[in-house]
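Observations on chain architecture
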Amino acid sequence: MNWVSDHADELNVNPSQIAVGGDSAGGNLSAVMAIKAKEQGSPPLTYQLLIYPAVSTDIRFDFPSMTENANGYLLTVDSIRWFYSQYLRNEEDAMNPYSSPLLYKNVTSLPPAMVITAEFDPLRYEGKAYAERLQQAGVPVHYTCYKGMFHQFFNLGHEVDAAKAAIMEAPTS
């Protein structure tokens with residue numbers, strides 16, 4: 001994000017209109033970047049788009065959607081365990097708010113957010129919990145859970161009406 005701000009002229013972007021966004025692990029990284037920007041005081045971020053974000057690396061898998069959607073819907077709990085084993089050095093890292101933004105203590109003053117989740121996604125409840133945490137802290141949040149959808153549905157806008165709707169719902173400027 002600092003690089004984008006530092007190269008705004010070269011990129012032909014407005015440095016006062018930088019946003020972050022990502023899906024799944026990219027949603028995790030986007031949430032962490034919003035936290036880091038807040039802590040550093042620059043560059044100021046204007047928005048965060050978090051699509052079925054993995055915002056809790058808690059290896060206890062306490063969220064009900066981890067059980068309800070553990071298998072059969074593209075992203076499985078076993079694959080999440082494997083991803084975490086690639087992302088985290090050890091179990092203690094799972095409790096670090098820079099790997100698990102849901103644990104970050106002071107989410108006030110984070111940029112407005114859109115959080116999109118899918119009904120049949122193991123990450124559904126943690127995305128919803130993060131949206132609720134932001135809202136409770138006074139951060140403007142738009143949250144939508146797409147019924148009947150699964151992890152990665154957002155990438156199917158060329159074929160799935162709900163994905164087209166989610167893409168249209170996501171801000172473009």
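Residues numbered from 1 in each chain as written. Predicted model: local features only at pLDDT ≥ 70, side-chain atom pairs only at ≥ 80, totals over all residues. Heavy atoms only, no water.

**Topic: the pairing of strand β3 (residues 113–120)**
Summarising burial for β3: six of the eight residues are buried, a large majority. Here seven bridges tie β3 to strand β4 (residues 141–150), and the two strands are oriented parallel to one another. In the sheet register, M114 faces β4, and the bridge partner there is H142. In the classification by handedness, the crossover that spans β3, the intervening helix α6 (residues 124–136) and the parallel β4 is right-handed. (Buried < 20%, exposed > 50% of the residue type's maximum accessible area, 1.4 Å probe, protein only. Helix = DSSP H or I, 4+ residues; strand = E, 2+ residues; numbered from the N terminus. Pairing = 2+ DSSP bridges. Right-handed = clockwise from strand over helix to strand, strands pointing away.)

**Description of the nonpolar core**
Among the nonpolar cores identified, the biggest contains 21 residues, and L45, L110, Y130, L134 and V141 are the most heavily contacted of them. Listed in part, the 13 residues of the second largest apolar core include Y52, I116, F153 and A170. (Core = buried A, V, L, I, M, F, W, Y, C linked by side-chain atoms within 4.5 Å.)

**So, the pattern of salt bridges**
Opposite charge on two side chains makes pairing possible when the charged atoms of those side chains draw close. Within the structure shown, the criterion is met by five salt bridges. D78 is the partner of R81 in a salt bridge, and the nearest nitrogen-oxygen pair spans 3.6 Å. With R81 and D78 both in helix α5 (residues 77–87) and three residues apart, this pair spans about one turn of that helix. By relative accessible area, which is 43% here, R81 ends up partly exposed. For D78, a relative accessible area of 53% gives the class exposed. Among the ionic pairs, D93 bridges to R89, the shortest N-O distance being 2.9 Å. Take D93: its relative accessible area is 12%, and that puts it in the buried class. (Salt bridge = Lys/Arg side-chain N within 4 Å of Asp/Glu carboxyl O.)

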